[in-house]
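Coordinate inspection notes
So you can see what is in the structure, the chains are spelled out below.
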Amino acid sequence: MFPVPREALLELLQRPSAAVLPVASRELVAMRIAAWPEPELPLQDPPTVLADTLETLVALSADGEVIAAAWLFALPSPEPAPGGKPAVLPAGIVDLLEGQQAAAQVWALHAEQHRGANNEGLRRLLLAIVRDLRVVPILLARQLARMRNAGLLEESQRRALARLTRDIHAPLANRLGIWQLKWELEDLAFRYLEPDTYRQIAAQLDEKRVGRERYIEAVKATLRLELAGHGIAAEISGRPKHIYSIWRKMQRKQVSFDELYDLRAVRVTVDDIAACYAALGVVHALWAPVPSEFDDYIARPKANDYRSLHTAVVGPEGRTLEVQIRTHEMHAQAELGVAAHWRYKEGGGDRAFDRKIAWMRRLLDQSQEGGEGAGLAGDLDSELVEDRVYVLTPKGEVIDLPHGGTVLDFAYHVHTMVGHRTRGAKVNGRIVPLNHALRSGDRVEIMTSKTGEPRRDWLLPANGFLASGRSRDKVRAWFHKLDRARNLQAGRELLEKELKRLGLHHADLSGVAKKFHAENVEELHIQVALGDVGPNQVVRALHEEQRAAAQPATPSSLPLRKPGGRKPAPPSKSRFTVEGVGNLLVQLARCCQPVPGEAISGYLTRGRGVSVHRTDCTAFQRLAAANPQRVLPVEWGQTGGGYEVDVQVRAIDRKWLLKDITTLIAQEDAHVLGINSDQAGASGRVHLRLRLKVADFGQLSTLLGKLDALPGVEEARRSA
């Protein structure tokens, strides 16, 4: 800690760097300084670090909230007076402070890892856990200020700070295009990590940076006048190559210092392609080109669609100079699109990460043009929805998973055999089920058995064990290796369990098998065992087959409608439509209680209207055989409202069992109409009979699957 007098901080608050602070934020910072009980405030960094951070943020056109957040994060937070309440901060500043605190977790993880094995993962984790991306310029500005003052630190601290800068901060500054920060961060990190090489290159340059910058300014002025004289409207920018960039190019091209032609470079940006080649002619007429150092990436774009003209010339004073020429559109694509320099120099990135980088670039550009960043900040939730999660191993390595990834997905990402042998998991030290969905920043520990194999129910989507297709493929591959007999038996058990649960265990599957390109029912069982076909898919296909078979079964005793006769009945407002008959009382049969999606038939009763049964209902088949003239074809209506069904649950009695069951039913948006329970003697088991209201067959199937997966539940099925 660095003790800083209160007067020094109040004086810093009067500098121009604090001028952008709104009045309320300025008062908030002043109150924080005044509230500290001692005359000196303990800061984590020297006061020069805070001053440099604020000046850099002002140079980046940061808004008042960002400046205030940088101030407040640097200051210690006093304890509220007895009986008093802590000061209430604006929501935007709170998010920025929390983001800086979250970033400290990434710095700690970087210190734990070895040899920078996972730097890209740490950069992604940083952007995933930071809610307000305006935090990143604060982090970059503070790191630059710390590097400028690193000479005050011990050697070990200085090198650790330089490694963090090289691995995290400099690449982010590069991706954001904040060049004035990028080159200085890279040079300072290189200076402390490779001091001998740094001094050697600096000596070979044979001039100070100020001199090189003055040379570039002179080149820009000369070239600007020459282009204007030829009627070419152009923007010219440039800066001398910094020391780290020179070293990187020497390493990449395996050349000596004397063989580099682009130690100094300018960029010419024009309106169209014709102007590019016209500007190239002016440059070559002005200065002699270097043979073999011309590349036409407009006629022959790079594989990443990067387009530009590159040439090297012998410029003023006989010094080599690189000139890049491109259109404004090419420049925008190179800076923000798929051809961005950071892509082909550092490696690719995923789309969500790219969107965050592009959003920040637009925010910076807009603020520097004097615009308001609130519009972009407001679009953050809708535009930057993260479709990846970044979680940590016990050693602090970052694992990249799809959104919704579970601890089981994590295990399979670590290693296939780890996934196969997984039997439990801890997230942030707390034991969780295998279908627990992970969030960015979670630290996951997998508990495995010495020997083991995956379970087939991991492949069932309703159980939610695996969100990654890659993980599911690994589980399927395991079962593909098993012998036919084991797969056949396992598939039969899985399918019979699902059919029994839905009261369809007597159904004939021979017709359904063909729909899944299976030669027979045995092949269908094998497909179910391998996860190629889900039990729910088979059940749905079975219902569709039964419904299709029931439709043409109109009894011959019913009169046929004559052409041009009675008009069809208007659409029914009830749950069912009875073909050819209107204004009849229609009700569900209590014996089988069909739900939407199942094949159904109607039976005309005496005095109670039409009773709707499942087609395979035993009672209906008996009635239809005795009185076939009373059978009516019916179909499900279009209006909702829900359908009642009886469900049986057998489970080991435990505390909170009923609460867990009813909570799950509520989460699935079903309704409990009645509950009855029986204790099975001294066995410790309980039999629950639930009367539920569900929307359709699909909801019932999903609900039964999740009930069956609850701890202690031995069976959950529809009542016969």
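Since this is a predicted model, take the numbers as computed values, not measurements.

**A few points about the sheet that holds strand β12 (residues 444–448)**
Within a sheet, adjacent strands bond to each other through the backbone by hydrogen bonds, running parallel or antiparallel. Here three strands make up an open sheet; going across it, the order is β11-β10-β12 and the pairing antiparallel. In this open sheet, the two strands that pair with only one neighbour each are β11 (430–432) and β12. When the angles between neighbouring strand axes are averaged without regard to direction, this sheet yields 35°. Each of β10 (422–427), β11 and β12 is contacted by helix α19 (residues 407–414), which is oriented at about 80° to β12, the strand it contacts most.

**What to know about helix α8 (residues 155–176)**
In this model α8 runs 30 Å from its N-terminal to its C-terminal C-alpha over 22 residues, within 8% of the 32 Å that 1.5 Å per residue would give. In α8, a bend of some 40° at T165 exceeds every other bend along the element.

**Topic: the side chain of T406**
The residue T406 is located in the loop between β9 (398–402) and α19 in this model. Within the structure, T406 has its side chain in polar contact with the backbone oxygen of F465 (distance 2.5 Å). Excluding residues within four positions of it along the chain, T406 makes contact with L401, L434, N435, H436, A437, L438, G464, F465 and L466.

**A closer look at unusual backbone geometry**
One non-glycine residue, S292, lies in the positive phi region at around 65°. Mapped onto the elements, S292 comes out in strand β5 (residues 288–296). Phi is positive for D669, which is not a glycine, with a value near 65°. Tracing the backbone shows D669 in the loop between α27 (657–667) and β20 (671–679).

**With respect to the confidence of the model for the protein**
Of the residues in the protein, 81% have a pLDDT of 70 or more, and the chain-wide mean is 78. Here helix α18 (residues 380–383) stands out as the element of the protein with the lowest mean pLDDT, 38, in contrast to helix α13 (residues 273–286), whose mean of 95 is the highest. The low-confidence segment residues 336–344 (pLDDT under 50) makes 30 contacts with residues lying over four places distant or belonging to another chain. For the stretch residues 552–574, pLDDT sits under 50, and the model shows 14 contacts to residues farther than four places along the chain or on other chains.

**Some points on the packing of helix α6 (residues 119–129) against α8**
For any two helices packed against each other, one specifies the crossing angle of their axes together with the interaxial distance. Taken N-terminus to C-terminus, the directions of α6 and α8 make an angle of 65°; their axes are 10 Å apart at the nearest point. Here α6 lies roughly perpendicular to α8, going by the angle between them. Note on packing geometry: the crossing formed by α6 with α8 is right-handed. Where α6 abuts α8, its residues N119, E120, L122, R123 and L126 lie against D167, I168, P171, L172 and R175. Its residues assigned to classes, the contact of α6 with α8 shows five nonpolar, one polar and four charged.

**Quick notes on the pattern of salt bridges**
Where charged atoms from two side chains of opposite charge come close, those side chains can pair. Evaluation of the coordinates by the stated rule reveals 22 salt bridges. Between R158 and E155 there is a salt bridge whose closest N-O contact spans 2.7 Å. Within this pair, R158 and its partner E155 are both found in helix α8, separated by three residues, close to a single helical turn. Assessed through its relative accessible area of 43%, E155 is described here as partly exposed. Between D473 and R476 there is a salt bridge, with the nearest N and O atoms lying 3.3 Å from each other. You can see D473 and its partner R476 sitting in helix α21 (residues 469–480), three residues apart, about one turn around the helix.

**Here we look at the sheet that holds strand β16 (residues 610–614)**
Strand order in the open sheet formed by four strands is β14-β16-β15-β17, and the pairing between neighbours is mixed. Strands at the two margins of the open sheet, each flanked by one partner only, are β14 (586–588) and β17 (631–632). In this structure, strand β15 (residues 600–604) lies alongside β17, joined through two bridges in antiparallel fashion. The residue bridging Y603 from the neighbouring strand is V631, located in β17. Where helix α26 (residues 618–626) meets the sheet, it contacts β15, β16 and β17, and its direction lies at approximately 50° from that of β15.

**So, the environment of R614**
Within the secondary structure, R614 sits in strand β16. Non-local contacts of R614, meaning those with residues more than four positions away in its chain, are made with L502, G503, L504, C592, P594, E598, A599, I600, F620 and R718.

**Description of the packing of aromatic side chains**
Given two aromatic rings, one states the distance between the centres and the angle between the planes to describe the pair. Counted under the stated rule, the structure contains five aromatic pairs. A ring pair is formed by F190 and W247, whose centres lie 5.1 Å apart and whose planes are at 35°; its orientation type is tilted. Of this pair, F190 sits in helix α9 (residues 179–193) while W247 sits in helix α12 (residues 243–253), and the two are 57 residues apart along the sequence. Judged by its relative accessible area of 4%, F190 is buried. On the basis of an interplanar angle of 35° and a centroid distance of 6.0 Å, the ring pair of Y244 and W247 is categorised as tilted.

**Description of a nonpolar patch on the surface**
On the surface, L658, V672 and I675 cluster together to form a nonpolar patch covering roughly 210 Å² of accessible area. Along the chain, L658 turns up in helix α27. You can call L658 partly exposed: its relative accessible area is 42%.

**Examining the environment of I243**
Summarising the element assignment, I243 is placed in helix α12. Taking the C-alpha atoms as reference points, I243 and D187, 56 residues apart in sequence, are found 6.2 Å from one another.

**Quick notes on the environment of A589**
Tracing the backbone shows A589 in the loop between β14 and β15. Since its relative accessible area comes to 4%, A589 is described here as buried. With 14 residues separating them in the primary sequence, A589 and Y603 have C-alpha atoms 9.4 Å apart. Here A589 is in contact with P594, S611, V612 and H613, once residues within four sequence places are set aside.

Reading guide: rules and limits
- The residue count restarts for each chain, going from 1 along the sequence in the order it is written.
- Local features are withheld for residues below a pLDDT of 70 in this predicted model, meaning they are given only at 70 or higher, and side-chain atom pairs are given and counted only at 80 or more; totals for whole chains, interfaces and linings count all residues.
- Working from all heavy atoms in the structure, the side-chain values ignore hydrogens and water.
- Think of it this way: DSSP has to see at least two bridges between two strands before they count as a pair.
- Under the scheme used here, helices are H or I runs from DSSP no shorter than 4 residues and strands are E runs no shorter than 2 residues, and both carry numbers assigned from the N terminus.
- Comment: axis = line fitted to C-alpha atoms, over the contacting stretch for helices; angle = value between 0 and 180 degrees taken between N-to-C directions.
- By the convention used here, residues are in contact when the closest approach between their heavy atoms is within 4.5 Å.
- To estimate the expected span of a helix, count its residues, drop one, and scale the result by 1.5 Å.
- Bend is computed residue by residue as the angle between axes fitted to the seven residues ending at the residue and the seven residues starting at it.
- Counting of polar contacts relies on pairs of N or O atoms within 3.5 Å, with two restrictions inside protein: one atom must be capable of donating a hydrogen and the other of accepting it, and residues adjacent in sequence are counted only when both atoms are side-chain atoms.
- Values of pLDDT, the confidence the predictor places in each residue, fall between 0 and 100.
- With respect to orientation, any angle under 35 degrees is reported as roughly parallel, any angle over 145 as roughly antiparallel, any angle of 65 to 115 as roughly perpendicular, and every other angle as oblique.
- In this scheme, a crossing is called left-handed if the near helix is turned counterclockwise away from the far one by less than a right angle; it is called right-handed if the turn is clockwise.
- For this classification, Asp, Glu, Lys and Arg are treated as charged, while Ala, Val, Leu, Ile, Met, Phe, Trp, Tyr, Cys and Pro are nonpolar and the rest, including Gly, are polar.
- Definition used for salt bridges: Asp or Glu carboxyl oxygen within 4 Å of a side-chain nitrogen of Lys or Arg.
- Burial here depends on accessible area, computed with a 1.4 Å probe over protein chains only, as a share of the maximum for the residue type. Under 20% is buried, over 50% is exposed, and the range in between is partly exposed.
- Aromatic contacts are taken between Phe, Tyr and Trp rings whose centres are within 6.5 Å, Trp giving its six-membered ring; a plane angle under 30 degrees counts as stacked, one over 60 as edge-to-face, and the others as tilted.
- The patch calculation keeps residues exceeding 30% relative accessible area without a salt bridge and links them within 9 Å when they carry like charges or within 5 Å when they are nonpolar (Val, Leu, Ile, Met, Phe, Trp, Tyr).
- Using a 1.4 Å probe, accessible areas were evaluated by the Shrake-Rupley method; residue-level cover was limited to the displayed protein chains.

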